[in-house]
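# Tertiary structure, described
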Amino acid sequence: MKVKVPAEEDFKSAAHDERVTARLGLWLGICFGLCFVTGLLSHAIQHPPTWFYWPSRPVNLYRVTQGTHVISGVAAIPLLLAKLWSVYPKLFARPLAKSLVNLVERGSILLLSAAAFFELITGILNVAQNYAFPFFFPPVHYAVAWIAVGSILIHVAVKLPIVRRALKASTKGDERPGVLSRRGFLRSTGVVTGVAVVATAGATVPFLRRVSPLSWRTADLPVNRSALAAGMTRLDPGWRLKVITPGGTRQFSLDELNKLPQTTAELPIACVEGWSASATWTGVSIPDLLHAVGAAPGAEVRVESMERNSIYRVSVLPSPHTSDAKTLLALRLNGEVLNADHGYPCRIIAPSRPGVLQTKWVGTLEVLS
Ligand SMILES: Nc1nc2c(c(=O)[nH]1)N[C@H]1C(S)=C(S)[C@@H](COP(=O)(O)O)O[C@H]1N2
Ligand SMILES: [Mo]
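Since the structure is predicted, the reported quantities are computational estimates derived from the model, not experimental observations.

## Re the overall build of the protein
When its secondary structure is counted, the protein shows 9 helices and 10 strands. Along the three orthogonal principal directions, the C-alpha set of the protein runs to about 85 × 45 × 40 Å. Residue pairs at least 24 apart in sequence account for 67% of intrachain contacts in the protein once pairs closer than 6 positions are excluded. Of the roughly 19300 Å² of accessible surface on the protein, 64% is carried by carbon and sulfur atoms. Computed over 38 positive and 23 negative side-chain charges, the separation of the two mean positions in the protein equals 7 Å.

As structure tokens, this is what we get:
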């Protein structure tokens, strides 16, 4: 018996209707757009070009942009699957390519799908701290984002006439009882997307914390790298904080730091992985510390951890943050002396910054300019 290969026209489900495809594409485009813009922001904050400015207020700004990045990425997963389901009969369209332009166009869809899947899968693995891939996540995730967005733009431009026609047409009508309708398919996709978002968003949205079974971080204030893992469980009793300024180097014992004016602020840790949590931090504000060592207000400060062999041991506090009284060299967390896991004897905690730049176990501050 000969097996008949189906033709595009053999797929009659309402899910494959161009009106469904176009609407899913629109939702997906919004998610990818949000994800791309917030991803670019996060990248720029961590690798600031000279023209880049990122404010220190509102204190939750980065928490919101990075939360949006991860939530829109999660939402894109069911939407992308539904969209691919919607269009897969096109795989059976013959001839494979009607013209060279058509061939390039179909090839670009292949590239688009691969890049989009790659971004969503590596993103989710990163959020789950499952580094199953053999490369360093940030630069690769960043580079492939450009490929994804570039191919999406080409795709939208090519399909624009169809998209317009399909979005104008109603999704209602000619529905047969007992058969999945266009609206039914769109509604189910919407529900699945909503469930995926609610199930994960508790990692960063406080009021969803209790209803998010898949939220990847549930502790009140999670610890990303423990003192044990960082080899930071014991502090030399003769420890001094070194503050290097253009005018010379000053040293502060923990006692001396505690005697400087203390500032308390409610600030979030907002990890690039999308979890975030707020806490009450107390310590020496960086503007006060700059004043104490006679450095210029608003000077950039390079922060160096005592931790060895870690790519997260150095960060640079830019001017908007070093002028902000809420940027702290924190000594206390929720009224208690900082514990080893959160960075004892002192750590940086600044408003509107990625968690990865909130350096723990600080040993040296260098005033740069
Ligand atoms: N020295 C050092 N500081 C660090 C890290 C690190 O690995 N080493 N991890 C960072 C990351 S990725 C985050 S999200 C925050 C988490 O802070 P917490 O462990 O106090 O919650 O610390 C940051 N500070
Ligand atoms: Mo982080």
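## Describing the environment of Asp236
Mapping Asp236 onto the fold places it in the loop between helix 6 (227-230) and strand 1 (241-245). A polar contact of 2.9 Å, which involves the side chain of Asp236, links it to the backbone nitrogen of Gly238.

## Things to note about the domain arrangement of the protein
Domain boundaries assigned for the protein yield domain 1 (8-211) and domain 2 (227-367). Inter-centroid distance (C-alpha atoms) of domain 1 to domain 2 is 38 Å. On the side of domain 2, 24 residues touch domain 1, which itself brings 24 residues to the contact. Surface buried jointly by domain 1 and domain 2 totals about 1800 Å² across both partners, of which 54% is contributed by carbon and sulfur atoms. The largest per-residue losses of area from domain 1 upon contact with domain 2 belong to Ser56, Val59 and Tyr62, which jointly make up 29% of the total buried on that side. Where domain 1 packs against domain 2, one counts 1 salt bridge. Across the salt bridge formed by Arg57 and Asp324, the nearest N and O atoms sit 2.8 Å from each other. Counting the contacts that link domain 1 with domain 2 gives 10 residue pairs in polar contact (both at pLDDT 80 or more). At the level of elements, helix 1 (18-46), helix 2 (61-87) and helix 3 (100-127) are the ones that each hand at least two residues to the side of domain 1 that touches domain 2. For the side of domain 1 that touches domain 2, the element with the most residues is helix 2, which contributes 5 residues. In terms of residue class, the side of domain 1 that touches domain 2 is built from 13 nonpolar, 8 polar and 3 charged.

## Details of the UniProt feature "transmembrane region" (unreviewed entry) in the protein
Mapped onto this numbering, the UniProt entry gives "transmembrane region" (unreviewed entry) at residues 24-46, 66-88, 109-128, 140-163 and 184-208. This span, residues 109-128, is 95% helix and 0% strand, and a straight line between its end C-alpha atoms measures 28 Å. Secondary structure across residues 140-163 divides into 100% helix and 0% strand, with the first and last C-alpha atoms of the span separated by 31 Å.

## Considering the state of the cysteines
Per the counting criterion, the structure on display carries 0 disulfides. Free cysteine: Cys35, not disulfide-bonded; nearest cysteine sulfur from Cys31 at 8.0 Å.

## Brief notes about the pattern of salt bridges
Counted under the stated rule, the structure contains 12 salt bridges. In this structure, the salt-bridge partner of Arg302 is Glu304, at a minimum N-O distance of 2.9 Å. Residue class for Arg302 comes out partly exposed when judged on its relative accessible area of 26%. What you see here is one network of salt bridges that share partners, running through Arg302, Glu304, Arg313 and Glu366.

## Structural notes on the sheet that holds strand 5 (residues 301-305)
Within a sheet, each strand pairs with its neighbour through backbone hydrogen bonds, oriented either parallel or antiparallel. In space, the 5 strands of this open sheet follow the order 2-1-10-5-6, with mixed pairing throughout. Edge strands, defined here as strands with exactly one partner in the open sheet, are strand 2 (248-252) and strand 6 (314-317). Taking each pair of neighbouring strands and ignoring which way they run, the sheet shows an average axis angle of 20 degrees. Relative to strand 10 (residues 362-367), strand 1 runs parallel, the two sharing 3 bridges. Across the sheet, Ile244 pairs through a bridge with Glu366, a residue of strand 10.

What counts as what
Residues numbered from 1 in each chain as written. Chains lettered and ligands numbered in written order. Predicted model: local features only at pLDDT ≥ 70, side-chain atom pairs only at ≥ 80, totals over all residues. Heavy atoms only, no water. Helix = DSSP H or I, 4+ residues; strand = E, 2+ residues; numbered from the N terminus. Contact = heavy atoms within 4.5 Å. Areas by Shrake-Rupley, 256 points an atom, 1.4 Å probe, with all protein chains shown as cover. Lys, Arg positive; Asp, Glu negative; His and termini not counted. Charge placed at Lys NZ, Arg CZ, Asp CG, Glu CD. Polar contact = N/O pair within 3.5 Å; in protein donor to acceptor, adjacent residues only side chain to side chain. Domains from an automatic or database assignment. Buried area = accessible area lost by both parts, 1.4 Å probe. Salt bridge = Lys/Arg side-chain N within 4 Å of Asp/Glu carboxyl O. Nonpolar A, V, L, I, M, F, W, Y, C, P; charged D, E, K, R; others polar. UniProt positions renumbered as here; feature names shortened; annotations may be inferred. Disulfide = S-S within 2.5 Å. Buried < 20%, exposed > 50% of the residue type's maximum accessible area, 1.4 Å probe, protein only. Pairing = 2+ DSSP bridges. Axes fitted to C-alpha atoms, helices over the stretch in contact; angles between N-to-C directions.

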